[in-house]
Amino acid sequence: MMDQGHIKAMTGKGAVEALVTSGMKLGLGTGSTAIHAIRHIGALLQGGTLQGIRAVPTSYQTLIESERWGIPLFTLNSPEIGGTLDLTIDGADEVDPRHYCIKGGGGALLLEKIIAYASASYVIVVDETKLVEHLGMQFPLPLELIPESRVPVMKTLETLGAAVQLREGVRKAGPVITEHGNFLLDIRFKSPVDPAALETELNRIPGVVENGFFTRLRPRLFIGHADGTMEVRE
Ligand code: 5RP
C-alpha cells in the first residue's frame, strides 16, 4: 500500500504528465497535492522539456514554490494572460459523484475560484480519501468574509442550522487572515445540503466574499489510489 504523501505526489505529477504542454497559460493550485504538480512543471521547465509556460498562482504558498522553481508568474490581469487560462490544476478537500467540490482547506478559496472559473479546462487532483457521497458532512465548508461582518454573518449561518467556527491561526494569535485581508469561517452542516444552491445563496449574505463550494464546473478528476494506481474520471 502506498502512503498518502506518495499518492499525492503520483497524482499531482500524473496530471502534469497527461495534460501540460509547452506554451500553455496555467492556473496553479494550492495545497499538499497541487504542490507536486507545481514541482513537476518546474522540473520539466528546468530540464527544457517544457517551454513557454505562463502561470497564475492561487496563493502565496503557490507563488513562493513557483518562484523557487523559476516558473514564469503573472496575474490574471497581466497582458500575457489576458484574463483567461488554458488549464488549472488544483486540489480539493472533498469531491462528490457529480464532481462538485469543497475547497478552501488551505484558505485560498477566493483566488482558487476566480482562477478556476477563468480556465478553459479544470482539473482536480486528489487521493481517494477525498471522495464522498455528500459534501460538507465530514469536512467543514470554508467561507471567506470581510472582518467587519463576522458576527452578523455567523448569526445568519447559525439560523440556517449550521455550526460555525472562526478559523484560528497556528503559531499566530487570533484569526487566520487571508491573502485578501479577510477572515475565514468553517461551517458544519447537520444534514446533507444542496451545494449548487448554497454556492449562490451564501454569497448573498452581506459581508460574505466567497464560499468553498465549487459546483459550476465539472472538473476532470485525477484520483490517486492506495494501491498505487491513478484513475481519471471525465
Ligand atoms: C486550498 C485548497 C486545497 O486545494 C485543498 O485544501 C486540498 O489540499 P490538500 O491537497 O493539501 O489536501 O482548497 O485552499
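Calculation rules
Residues numbered from 1 in each chain as written. Predicted model: local features only at pLDDT ≥ 70, side-chain atom pairs only at ≥ 80, totals over all residues. Heavy atoms only, no water. Helix = DSSP H or I, 4+ residues; strand = E, 2+ residues; numbered from the N terminus. Rg over C-alpha atoms; globule rule 2.2 N^0.38 Å. Buried < 20%, exposed > 50% of the residue type's maximum accessible area, 1.4 Å probe, protein only. Contact = heavy atoms within 4.5 Å. Areas by Shrake-Rupley, 256 points an atom, 1.4 Å probe, with all protein chains shown as cover. Lys, Arg positive; Asp, Glu negative; His and termini not counted. Charge placed at Lys NZ, Arg CZ, Asp CG, Glu CD. Domains from an automatic or database assignment. Buried area = accessible area lost by both parts, 1.4 Å probe. Salt bridge = Lys/Arg side-chain N within 4 Å of Asp/Glu carboxyl O. Polar contact = N/O pair within 3.5 Å; in protein donor to acceptor, adjacent residues only side chain to side chain. Arc of directions from axis to C-beta. 1 Å grid on protein atoms, 1.4 Å probe; cavity = no way out; pocket = protein on both sides within 12 Å on 5 of 7 lines; lining within 4 Å. Points joined across faces, edges and corners; volume = space filled by probe spheres on them. Nonpolar A, V, L, I, M, F, W, Y, C, P; charged D, E, K, R; others polar. Pairing = 2+ DSSP bridges. Axes fitted to C-alpha atoms, helices over the stretch in contact; angles between N-to-C directions.

Chemist: Could you give an account of the overall build of the chain, with specific residues and numbers?
Modeler: Each helix and strand counted, the chain has 6 helices and 13 strands in total. The C-alpha radius of gyration computed for the chain amounts to 18 Å, which stays within 12% of the reference 17 Å derived for 234 residues, consistent with globular compactness. Across its three principal directions, the C-alpha atoms of the chain cover 55 × 40 × 35 Å. The buried share of the chain, reckoned over its 234 residues, is 52%. Considering only contacts in the chain between residues 6 or more positions apart, those separated by 24 or more positions represent 74%. A total accessible area of about 10,600 Å² is found for the chain, and carbon and sulfur atoms account for 54% of it. With 22 positive and 27 negative side-chain charges, the chain shows a separation of 3 Å between the mean positions of the two kinds.

Chemist: Can you break down the domain arrangement of the chain residue by residue, with the values?
Modeler: You can read the domains of the chain as domain 1 (4-132 + 216-233) and domain 2 (141-211). For domain 1 and domain 2, the distance between their C-alpha centres works out to 24 Å. Taken together, the contacts link 16 residues of domain 1 with 16 residues of domain 2. When residues of domain 1 are sorted by the area they lose upon contact with domain 2, Leu109, Leu110 and Lys113 head the list and together hold 39% of the total. Our count for the domain 1 to domain 2 interface comes out at 3 salt bridges. We note a salt bridge from Glu199 to Lys113, for which the minimum N-O separation is 2.8 Å. Along the contact surface separating domain 1 from domain 2 lie 7 residue pairs in polar contact (both at pLDDT 80 or more).

Chemist: Summarise helix 5 (residues 150-159); cite the residues concerned and give the values.
Modeler: For an α-helix, 3.6 residues make a turn, and residues three or four places apart therefore share a direction. Within helix 5 the residues assigned to the buried category are Val153, Met154 and Leu157. Along the long axis of helix 5, the arc covered by the buried residues comes to 100°, so they all point the same way. Exposed side chains of helix 5 directed beyond 90 degrees from the buried face belong to Lys155 and Thr159.

Chemist: Go over the layout of surface pockets with me, naming the residues and quoting the values.
Modeler: The calculated volume of the largest pocket comes to roughly 220 Å³. Around the largest pocket sit 14 residues that line it, and Val56, Pro57, Phe74, Thr75 and Leu111 are the ones nearest its centre. Breaking the lining of the largest pocket down by element, the ones donating at least two residues are strand 2 (54-57), helix 3 (60-69) and helix 4 (109-117). At 3 residues, the largest contribution of residues to the lining of the largest pocket is made by helix 4. A per-class count over the lining of the largest pocket returns 9 nonpolar, 4 polar and 1 charged. Counted as a void, the second largest pocket has a volume near 170 Å³. For the lining of the second largest pocket, the per-class residue count stands at 2 nonpolar, 8 polar and 5 charged.

Chemist: Explain the sheet that holds strand 10 (residues 208-211) residue by residue, including any values.
Modeler: The antiparallel open sheet is built from 4 strands, whose spatial order is 8-9-7-10. Each edge of the open sheet is held by one strand with a lone partner, namely strand 8 (162-166) and strand 10. Neighbour-to-neighbour, the strand axes of this sheet turn through a mean angle of 30°, independent of strand direction. Two elements, strand 8 and strand 9 (residues 183-189), share 5 bridges in a ladder whose sense is antiparallel. Within strand 9, the position partnered with Val164 by the bridge is Ile187.

Chemist: Any details on the sheet that holds strand 5 (residues 101-102)? Residues and values, ideally.
Modeler: Taken in spatial order, the 3 strands line up as 4-5-11 in an open sheet, and their pairing is antiparallel. What marks the edges here is a single partner per strand, and that holds for strand 4 (94-95) and strand 11 (213-214). Where strand 4 and strand 5 come together, 2 bridges link them in antiparallel fashion. In the strand pairing of strand 5, Glu94 is matched with Ile102.

Chemist: How would you summarise the side chain of Ser66 if you had to cite specific residues and measurements?
Modeler: You can see Ser66 is positioned in helix 3. According to the relative accessible area criterion, Ser66 is buried, its value standing at 0%. With near-sequence residues (within four places) excluded, Ser66 lies in contact with Leu28, Ile38, Ile71 and Leu73.

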